Amino acid sequence: MSADLEGVRLAKRVAAQQICSRREAEELIASGCVQVQGETVTDPARRVPDNLSVQVVHASVAGAVTVLLHKPAGVSAAQALRQAWPALALGPVPSVGLKDCCPLPDAASGLSVWSDERPTVRRLQDQERPLELEWLLSLPVAESVAPLARLKAAGLRVSLSHERDGAGQWRLVGKGPAALYPLAVLDIGQWPAGWTLRRQRLGRLGLSPLAPGQVRLRRDFEKF
């Protein structure tokens, strides 16, 4: 039998489809969340021909869900979610109950979290135990001294990731009001020209491997 007819390992198909690691794909399959042509398959090593459909059916689909979105800069999070929604195969439109738990301005990009899972919403909005946030800020190096000084004074940990062609990219990490300070600066227009701001991480969940405009469901074993 040819390789084309044998197909590829189910774990590889699921990893590519869900934009996750092979290990995470294997966990999804073993937990009974994957169907091949409508039949639940729990063997990650099973080879699946390209002409057979593979569908991931999360246990939480019938109820509440948490959606992780890589919001591109220049569009609203709601617009980006509507555009990416079909990839989740949950129906024609997002649930009206989904809440934008940590809003991003249109001009910023990065991790946007939407949820109607009450424990998740409470955790993301818990002011007494705020999550750590990580940002990547790009600025012209020549104009970065004053803005970076303000960020450090606000309580953020600031480190230079790299510098190229006169522009630097800084990693900003903090909790509580300090972690939201980059958005406050953005709201009052204090960044110099040429800036970009991207939220990389909320608590323990990061943006990778989502590309701009991509979306996925939070898996049951993933915690903020």
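Here, the structure is the one placed above.
Definitions and cut-offs
- Residues numbered from 1 in each chain as written.
- Predicted model: local features only at pLDDT ≥ 70, side-chain atom pairs only at ≥ 80, totals over all residues.
- Heavy atoms only, no water.
- Helix = DSSP H or I, 4+ residues; strand = E, 2+ residues; numbered from the N terminus.
- Buried < 20%, exposed > 50% of the residue type's maximum accessible area, 1.4 Å probe, protein only.
- Contact = heavy atoms within 4.5 Å.
- Areas by Shrake-Rupley, 256 points an atom, 1.4 Å probe, with all protein chains shown as cover.
- Lys, Arg positive; Asp, Glu negative; His and termini not counted.
- Charge placed at Lys NZ, Arg CZ, Asp CG, Glu CD.
- Pairing = 2+ DSSP bridges.
- Salt bridge = Lys/Arg side-chain N within 4 Å of Asp/Glu carboxyl O.
- Polar contact = N/O pair within 3.5 Å; in protein donor to acceptor, adjacent residues only side chain to side chain.

## Examining the overall build of the chain
Point 1. Scanning the chain from N- to C-terminus turns up 7 helices and 14 strands.
Point 2. Seen through its C-alpha atoms, the chain measures out along the principal axes to roughly 65 × 40 × 30 Å.
Point 3. Expressed as a percentage of the 224 residues in the chain, the buried residues total 45%.
Point 4. Counted over contacts in the chain with a minimum sequence separation of 6, partners at least 24 positions apart contribute 65%.
Point 5. For the chain, the exposed surface amounts to about 11500 Å²; the carbon and sulfur share of it is 52%.
Point 6. Taking the 28 positively charged and 22 negatively charged side chains of the chain as two groups, their mean positions are separated by 4 Å.

## Section: the sheet that holds strand β5 (residues 54–56)
Point 1. Strand order across the open sheet formed by 3 strands is β3-β2-β5, with antiparallel pairing between neighbours. This sheet does not close on itself; its edge strands, each paired only once, are β3 (39–40) and β5.

## Quick word on the side chain of Arg199
Point 1. Inspection of the secondary structure assignment puts Arg199 in strand β12 (residues 196–202).
Point 2. No salt bridge forms around the buried Arg199; measuring N to O, its nearest opposite-charge neighbour Asp100 is 5.8 Å away.
Point 3. Looking at Arg199, its side chain comes within polar contact range of the main-chain oxygen of Cys102, at 2.5 Å.
Point 4. Among the polar contacts listed, one links the side chain of Arg199 to the backbone oxygen of Leu111, at a separation of 2.8 Å.
Point 5. The residues touching Arg199, leaving out its near neighbours within four places in the chain, are Cys102, Pro103, Leu104, Ser109, Gly110, Leu111, Ser112, Leu133, Glu134, Trp135 and Leu207.

## A closer look at unusual backbone geometry
Comment: phi is negative for the bulk of residues other than glycine, and the bulk of peptide bonds are trans.
Point 1. Cis geometry is adopted by the peptide bond preceding Pro209, which originates at Ser208 and carries an omega value of 10°.
Point 2. By secondary structure assignment, the location of Pro209 is in the loop between β13 (205–206) and β14 (215–217).
Point 3. Positive phi is not limited to glycine here, since Gln37 has a value of about 55°.
Point 4. Here Gln37 is to be found in the loop between β2 (34–36) and β3.
Point 5. Under the relative-accessibility criterion, Gln37 is labelled partly exposed at 48%.
Point 6. Look at Asp165: it is not a glycine, yet its phi comes out positive at around 55°.
Point 7. Looking at the element boundaries, Asp165 is found in the loop between β10 (157–164) and β11 (167–175).

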